[in-house]
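Examining the three-dimensional arrangement
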Amino acid sequence: MGLKLQGIIINENFETRQSELFELLEIESFELIKKSNLNDYWNGFQSKGKIVFSFFENATIIRCDSHFISSESTKSKLSKNHEIMTFYQYDTISALSFDFFRNGKPIRRLYTDRASKNFKYEEGQTLPEENNPKSVDESFYNMTIHFLTKRIDSSFVHNPANSYEYEIKYDYPGLIKKLIGKVNYHDYWKRAF
């Protein structure tokens, strides 16, 4: 099946202020389903109606569905006074992508996928946080180290990261809004989802 991973990392720990995350994400209502650690949520895409907040040291990891990682307005809001990285990795189709936002603005985007033919798209200059990468994979993992001090796939992150799984109610944009352009998704995310 391959690794399936998508979400958002924020450079602040919101564990004691989770209600702020719900406000920023404009989630109308929520109900806690389970408290665990990141090991339980490591692989697999979150479906609509579910979201997982994980907290590790000075960072928050949000495991969410594709709408939240695709929405430019969501990324701008979450990064108003922060740095954030939205990420997508799907090994089966060799897809790896991230957006890096700071203070409400996109700074760097890097997307690849080799599902049908090689595709690579970049915006912005390579960041110091990418640590002179030799590949997109290195860029991706070095960016996660920037936020988490360790790679996101490390058990040193998974085991101690408190995680909260929620069932949510959210007003997802319908097909009409998507078709007439009322939802602001970057072209890559439109292509991917």
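Here, every reference points to the structure presented above.
Since this is a predicted model, take the numbers as computed values, not measurements.

Looking now at the overall build of the protein chain. Looking only at helices and strands, the protein chain has seven helices and nine strands in total. Since a compact globule built from 193 residues should have a radius of gyration of about 16 Å, the 16 Å found for the protein chain is in line with a globular shape. Along the longest, intermediate and shortest principal axes, the C-alpha atoms of the protein chain span 45 × 40 × 35 Å. A burial count over the protein chain gives 50% of its 193 residues as buried. Taking as baseline every contact in the protein chain between residues at least 6 positions apart, the subset at least 24 positions apart corresponds to 66%. Only carbon and sulfur atoms are counted for the fraction: they give 47% of the accessible area of the protein chain, which is about 9600 Å². Of note, the protein chain has its 26 positive side-chain charges centred 4 Å away from the centre of its 26 negative side-chain charges.

Quick look at the pattern of salt bridges now. According to the stated counting rule, one finds 16 salt bridges in the structure shown. For the salt bridge of K34 with D40, the shortest nitrogen-to-oxygen distance reads 3.5 Å. Relative accessible area serves as the criterion here: at 36%, K34 is assigned to the partly exposed category. Look at D40 and you get partly exposed, because its relative accessible area is 43%.

A word on the nonpolar core. With 26 residues, the main nonpolar core has I9, M85, F87, F140, L148 and I152 as its most contacted residues. At the level of secondary structure, the elements contributing two or more residues to this core comprise β1 (4–10), β3 (50–56), β4 (59–63), β5 (83–90), β6 (95–102) and α4 (136–148). For this core, the leading source of residues is α4, giving six residues. For M85, the contacting residues outside a window of four places in its chain are G7, I8, I9, F98, D99, F140, M143, T144 and F147.

In this section: unusual backbone geometry. Even without glycine at this site, E26 takes up a positive phi of about 60 degrees. Tracing the backbone shows E26 in the loop between α1 (18–24) and β2 (29–37). Residue class for E26 comes out partly exposed when judged on its relative accessible area of 47%. Even without glycine at this site, T149 takes up a positive phi of about 70 degrees.

What follows concerns the sheet that holds β4. Spatial strand order, β2-β9-β3-β4-β1-β5-β6-β7-β8: nine strands in an open sheet with antiparallel pairing. Every other strand in the sheet has two partners, leaving β2 and β8 (119–123) as the edge strands with one partner each. Within this sheet the neighbouring strands show an average axis-to-axis angle of 15 degrees, counted without direction. Bridging between β1 and β5 involves seven bridges; their strand directions are antiparallel. The partner of I9 across the bridge, within β5, is M85.

This part is about α4. For α4, spanning 13 residues, the distance from its first C-alpha to its last is 18 Å, which sits close to the expected 18 Å at 1.5 Å a residue. Turning to α4, its buried residues are V136, S139, F140, Y141, N142, M143, T144, F147 and L148.

All right, on to the packing of aromatic side chains then. Per the counting criterion, the structure on display carries 15 aromatic pairs. Ring centres 5.7 Å apart and planes at 90 degrees place the aromatic pair F30 and Y166 in the edge-to-face group. Here the residue F30 occupies a position in strand β2, and Y166 occupies one in strand β9 (residues 162–169), the gap between them amounting to 136 residues. Accessibility expressed as a relative area gives 41% for F30, which makes it partly exposed. Judged by centre distance (5.0 Å) and plane angle (85 degrees), the rings of F140 and Y141 are edge-to-face. A relative accessible area of 0% means that F140 is categorised as buried.

How each quantity is defined
Residues numbered from 1 in each chain as written. Predicted model: local features only at pLDDT ≥ 70, side-chain atom pairs only at ≥ 80, totals over all residues. Heavy atoms only, no water. Helix = DSSP H or I, 4+ residues; strand = E, 2+ residues; numbered from the N terminus. Rg over C-alpha atoms; globule rule 2.2 N^0.38 Å. Buried < 20%, exposed > 50% of the residue type's maximum accessible area, 1.4 Å probe, protein only. Contact = heavy atoms within 4.5 Å. Areas by Shrake-Rupley, 256 points an atom, 1.4 Å probe, with all protein chains shown as cover. Lys, Arg positive; Asp, Glu negative; His and termini not counted. Charge placed at Lys NZ, Arg CZ, Asp CG, Glu CD. Salt bridge = Lys/Arg side-chain N within 4 Å of Asp/Glu carboxyl O. Core = buried A, V, L, I, M, F, W, Y, C linked by side-chain atoms within 4.5 Å. Pairing = 2+ DSSP bridges. Axes fitted to C-alpha atoms, helices over the stretch in contact; angles between N-to-C directions. Expected span 1.5 Å × (residues − 1). Phe/Tyr/Trp six-rings, centres within 6.5 Å; stacked < 30°, edge-to-face > 60°.

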